[in-house]
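Structural overview for review
The primary structure of each chain is shown beneath.
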Amino acid sequence: MAKRYEKIADELREEIRSGHPAPGERLPAETALAEKYRVSVPTMRQAMGVLQAEGLVERVHGRGTFVRKERTRNHRTNGRHQWEKDRARHPQEARAETGSTEHDTGLELSDLVFHAEYGEIEADDDLAAVFGVKAGTRLIERRYRTRRRTENAPFSLISSYLVRDVVSANPDLLDAANEPWPGGTQNQLYTVGIELGSVEEQVTARPPTVEEAEELDLTPGVSVLVLRKTSRATDGRVVEFSRVILPGDRTELTFVTPLRKW
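Treat the numbers as computed from the prediction; the structure is a model and nothing was measured. (Residues numbered from 1 in each chain as written. Predicted model: local features only at pLDDT ≥ 70, side-chain atom pairs only at ≥ 80, totals over all residues. Heavy atoms only, no water.)

Next up on the list: the overall build of the chain. Along its length, the chain carries 10 helices and 10 strands. Projected onto the principal axes, the alpha-carbon positions of the chain cover approximately 70 × 50 × 40 Å. Burial status across the chain gives 40% buried among its 262 residues. Put simply, of all contacts in the chain between residues at least 6 apart along the chain, 62% involve residues at least 24 apart. (Helix = DSSP H or I, 4+ residues; strand = E, 2+ residues; numbered from the N terminus. Buried < 20%, exposed > 50% of the residue type's maximum accessible area, 1.4 Å probe, protein only. Contact = heavy atoms within 4.5 Å.)

Right, let's get into the side chain of Arg 250. With respect to the helices and strands, the residue Arg 250 is situated in the loop between β9 (238–247) and β10 (251–254). Side-chain polar atoms of Arg 250 contact the side chain of Asp 249, separated by 3.0 Å. In this structure Arg 250 touches Arg 71, Thr 72, Arg 73, Asn 74, Ala 153, Pro 154, Leu 216, Asp 217 and Leu 218, once residues within four positions along its chain are discounted. (Polar contact = N/O pair within 3.5 Å; in protein donor to acceptor, adjacent residues only side chain to side chain.)

Once that is clear, we can look at the environment of Phe 241. Along the chain, Phe 241 turns up in strand β9. For the pair Phe 241 and Arg 87, spaced 154 residues apart in the sequence, the C-alpha separation amounts to 20 Å. Setting aside its immediate chain neighbours within four residues, Phe 241 contacts Leu 127, Val 130, Phe 131, Ser 159, Ser 160, Tyr 161, Arg 228, Lys 229 and Thr 230.

Summed over all chains, the structure comprises 2 aromatic pairs. Note on Phe 114 and Tyr 144: the rings are 5.9 Å apart at their centroids and 35 degrees apart in plane angle, and the pair reads as tilted. Here Phe 114 is found in strand β4 (residues 112–122), whereas its partner Tyr 144 is found in strand β5 (residues 138–148), with 30 residues between them in sequence. The class for Tyr 144 is buried, based on a relative accessible area of 12%. Judged by centre distance (6.5 Å) and plane angle (25 degrees), the rings of Tyr 161 and Phe 241 are stacked. Taken together, the residues span a long stretch of sequence, with Tyr 161 in strand β6 (residues 157–163) and Phe 241 in strand β9 at a distance of 80 residues. The exposure classification of Tyr 161 matches that of Phe 241, with both residues buried. The aromatic ring of Trp 83 is capped on one face by Arg 87, whose charged end is 4.5 Å from the ring centroid. (Phe/Tyr/Trp six-rings, centres within 6.5 Å; stacked < 30°, edge-to-face > 60°. Lys NZ or Arg CZ within 6 Å of the ring centre and 35° of its normal.)

The first and last C-alpha atoms of helix α3 (residues 41–53) sit 18 Å apart over 13 residues, in line with the 18 Å expected at 1.5 Å per residue. Those residues of α3 hidden inside the fold are in contact with α1 (4–17), α2 (30–37), β1 (57–60) and β2 (64–67). Two residues or fewer after α3 comes Gly 55, characterised by a positive phi angle close to 80 degrees. (Expected span 1.5 Å × (residues − 1).)

Turning our attention to the nonpolar core. Of all hydrophobic cores here, the largest spans 17 residues; its most connected members are Ile 8, Leu 12, Tyr 37, Met 44, Met 48, Leu 51 and Val 57. In terms of residue count, the dominant contributor to this core is α1 (5 residues). Setting aside its immediate chain neighbours within four residues, Met 44 contacts Ile 8, Leu 12, Glu 30, Leu 33, Ala 34, Tyr 37 and Val 39. (Core = buried A, V, L, I, M, F, W, Y, C linked by side-chain atoms within 4.5 Å.)

Now the structure itself:
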């Protein structure tokens, strides 16, 4: 049997989804809502906590509780890798027309703000094991943040790694000034003679760190999805590895697996 605060949350959820109150509109104070529903303030606070955990409302210190404006959803499928590979050898003009973020969100290039940072690090034990190299091997670390121009938070927090000696034959791959790179990582690898043969993705969920919650603008109670992407060349070598932190309240993952006939 549903508890009283759950029933109140259900009623408020339906009102919000119907558009009344509208996104960005401030809700009455908890004391006023408690009086309306004839419950105690702590019970009302529990109901509001449910809606906050679902990302439907947000509390702004000193101002009150507001219906949260809907964020752009990021729909990521495993078909994106073949889509990127099909484009990897296209002329630059064609590759520059759109990228994987536009593919996943349905937005246009002009809708987006892109930021990239490059640096060199030594492989720790985890990264060394991923790439099959010795700890201390020089890696190129790339950090990517892309957001919708009308929003403050990025779609994801991406850290991508390449073995420096593998890609240094093309000095352009060592410089963040060349980002956003038309055609993405698969085209970058193509410039040094590497063709991807497989991409493995492992997804787990966990609570965000304080820094992740702040950067992704997550409401309390919202988890993040942690995607570890391992890209292998056609000869089986791991040539790129990424950690992607995705906000659980606006990310959809779809995996389609064709099955061979008996």
